[in-house]
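# What the coordinates show
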Amino acid sequence: MEIGKFLPLSEATYYVLLALDQPLHGYAVMQQVEALSGGVVTIGPGTLYGAFANMEKQKLIEKVGEEDRRKIYALTGLGRAVLGEQVRRVELMARSGRAYLRQHEGEAA
Amino acid sequence: MSEELVRRWKFHWAWEDDKEEQWLEAQARAGLHLVRATPFCRYTFRRGPGQAMAYRLDYNRRVGSDPSYRRLFEDAGWEHALSCMGWEYWRKPVQPGARAEIFSDSASKIEKYKRVLGLIVLANVPNAVNLAVLPAAWHTPASASFTGGVAYGLMTGLALLSLYGASRILRRMRQLRAGVPS
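The paragraphs below set out a description of the structure included in this document.

Parameters and conventions
Residues numbered from 1 in each chain as written. Chains lettered and ligands numbered in written order. Predicted model: local features only at pLDDT ≥ 70, side-chain atom pairs only at ≥ 80, totals over all residues. Heavy atoms only, no water. Helix = DSSP H or I, 4+ residues; strand = E, 2+ residues; numbered from the N terminus. Rg over C-alpha atoms; globule rule 2.2 N^0.38 Å. Buried < 20%, exposed > 50% of the residue type's maximum accessible area, 1.4 Å probe, protein only. Contact = heavy atoms within 4.5 Å. Expected span 1.5 Å × (residues − 1). Patch = residues over 30% accessible without salt bridge, like charges linked within 9 Å, V, L, I, M, F, W, Y side chains within 5 Å. Areas by Shrake-Rupley, 256 points an atom, 1.4 Å probe, with all protein chains shown as cover. Salt bridge = Lys/Arg side-chain N within 4 Å of Asp/Glu carboxyl O. Axes fitted to C-alpha atoms, helices over the stretch in contact; angles between N-to-C directions. Parallel < 35°, antiparallel > 145°, perpendicular 65-115°, else oblique. Buried area = accessible area lost by both parts, 1.4 Å probe. Polar contact = N/O pair within 3.5 Å; in protein donor to acceptor, adjacent residues only side chain to side chain. Nonpolar A, V, L, I, M, F, W, Y, C, P; charged D, E, K, R; others polar. Pairing = 2+ DSSP bridges. Core = buried A, V, L, I, M, F, W, Y, C linked by side-chain atoms within 4.5 Å.

### Some remarks on the overall build of chain B
Helix and strand counts for chain B come out as five helices and six strands. Counting helices and strands in the order they occur from the N terminus, chain B gives β-α-β-β-β-α-β-β-α-α-α. Computed over its C-alpha atoms, the radius of gyration of chain B comes to 20 Å, more than 25% above the 16 Å expected for a compact globule of 182 residues. When each of the 182 residues of chain B is scored for burial, the buried share is 40%. The long-range share in chain B, meaning contacts at least 24 apart out of those at least 6 apart in sequence, stands at 64%.

So this is what it looks like as structure tokens:
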């Protein structure tokens, strides 16, 4: 399976995958995403419901249980690989971005 | 305590869901809280204290058989007001300074409009077949009747209306893609 076709992840997708590093139900994902993003990203229930359906179809996540009408999802191997690759690319972007800014710091002044 | 029920007619096209939300919010401010609706948009309200309430409409014909859909919204603080022909009506008291949204990004709003668009296309499949076949049958004396003409006119009307509706929805989708705030 080619990982590159899933990238780049949207901000919402990225945080949802990150939250699903441990099995969670929808509302716990919403809370976790808000905590992980320092309150910057909030996900509405309509958006999350659609995101779950899409990611499940893409086999990035899978349903691992159901409790009290709540579906519990977790990352699949593919989801973990996609998330890892996204982190690697963002780190690369941040590294080269920082280097560029340092290099040109003096010029602007 | 006796409950006073109030009935109101209000018709909205499928592409005017935002106007319908605003209208329901205005009713809530005036103390009318949605209880149910008939498929022909006759709303029943319960009279109570006026409240700042956010109403949001989702369209999804598949969620009726999935109990986790409602559970997710309820967990997030939304109350299910009613379902009507694939439309799901959600409401939540408005907190000052907070925007209550069931869709938090434009991608998921676009997906909702795609589902509405699917409904319009589906409603026109038999229509399209009829419109294609009827002109051919037009030349036979039996169908070149007054009734045949009326039927043909009605179908053409539905097709034109659907085209108009579809163009309105496509415009909303384009605006969402371009980042125009809704």
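### Remarks on helix H1 (residues 17-29) of chain B
All names here are of chain B. Taking 1.5 Å per residue as the helical rise, H1 with its 13 residues ought to reach 18 Å, and the 19 Å between its terminal C-alpha atoms agrees with that figure. Taken residue by residue, H1 has Asp 17, Glu 20, Glu 21, Trp 23, Leu 24, Glu 25, Gln 27 and Ala 28 as its buried positions. With its phi angle positive at about 90 degrees, Gly 31 sits one or two positions after the end of H1.

### Details of unusual backbone geometry
Residue and element names in this part refer to chain A. Leu 7 connects to Pro 8 through a cis peptide bond whose omega is -5 degrees. A positive phi angle, near 65 degrees, is found at Lys 59, a position not held by glycine. With respect to the helices, strands and loops of the structure, Lys 59 is situated in the loop between helix H3 (45-57) and strand S2 (61-67). According to the relative accessible area criterion, Lys 59 is exposed, its value standing at 56%.

### Some thoughts on a nonpolar patch on the surface
All names here are of chain B. The grouping of Phe 11, Trp 13, Leu 161 and Tyr 164 at the surface amounts to a nonpolar patch, some 400 Å² of accessible area in total. Mapping Phe 11 onto the fold places it in the loop between strand S1 (5-9) and H1. Since its relative accessible area comes to 53%, Phe 11 is described here as exposed.

### Some details on the environment of Val94(B)
All names here are of chain B. Relative to the helices and strands, Val 94 is located in the loop between strand S6 (87-93) and helix H3 (106-123). Look at Val 94 and you get partly exposed, because its relative accessible area is 37%. Through-space distance from the C-alpha of Val 94 to that of Tyr 152 is 48 Å; in sequence the pair is 58 residues apart.

### Observations concerning the packing of H3(B) against helix H5 (residues 146-177) of chain B
Think of two packed helices as two axes; the pair is described by the angle between the axes and how far apart they sit. All names here are of chain B. Relative orientation of the contacting elements H3 and H5 amounts to 170 degrees, with a least axis distance of 9 Å. Relative to H5, the element H3 is oriented roughly antiparallel. Between H3, through Ser 106, Lys 109, Ile 110, Tyr 113, Lys 114, Val 116, Leu 117 and Ile 120, and H5, the contact on the second element is made entirely by Ser 162, Gly 165, Ala 166, Ile 169, Leu 170, Arg 172, Met 173, Leu 176 and Arg 177.

### A look at the interface of chain B and chain A
Across the boundary between the two partners, chain B contributes 21 residues, which contact 17 residues of chain A. Around 1600 Å² of area is buried between chain B and chain A when both sides are counted, 54% of it from carbon and sulfur atoms. When the buried area of chain B at its contact with chain A is split by residue, Arg71(B), Leu72(B) and Asp75(B) rank highest and sum to 36% of it. Linking chain B with chain A are four salt bridges, by the criterion used here. Linking chain B with chain A are 11 residue pairs in polar contact (both at pLDDT 80 or more). Listing elements by their share of the side of chain B that touches chain A, those giving two or more residues are helix H2 (67-75) and H3 of chain B. Counting residues per element, the side of chain B that touches chain A draws most heavily on H2(B), which supplies nine residues. Looking at the side of chain B that touches chain A, its residues break down into nine nonpolar, four polar and eight charged.

### Quick notes on the sheet that holds strand S5 (residues 79-84) of chain B
Residues and elements named next belong to chain B. Overall, antiparallel pairing links the three strands, which are arranged S4-S6-S5 in an open sheet. Bordering the open sheet on either side are strand S4 (53-59) and S5, each of which pairs with just one other strand. On average, each strand axis in the sheet is inclined to that of its neighbour by 20 degrees, with strand direction left out of account. Summarising the sheet, S5 and S6 pair through five bridges and their orientation is antiparallel. Counterpart to Leu 82 in the pairing with S6 is Tyr 89. Those strands touched by H1 are S4 and S6, and its axis lies near 150 degrees from that of S4. Relative to the sheet, H2 contacts S4, S5 and S6, its axis offset from that of S6 by approximately 15 degrees.

### Topic: the nonpolar core
Of all hydrophobic cores here, the largest spans 39 residues; its most connected members are Val16(A), Leu20(A) and Val29(A). Elements represented by at least two residues in this core include exactly helix H1 (11-19), helix H2 (26-36), H3, strand S3 (70-75) and helix H4 (77-103) of chain A together with H2 of chain B. In this structure, Val6(B), Trp23(B), Leu34(B) and Met53(B) belong to the second largest nonpolar core, which totals 28 residues.

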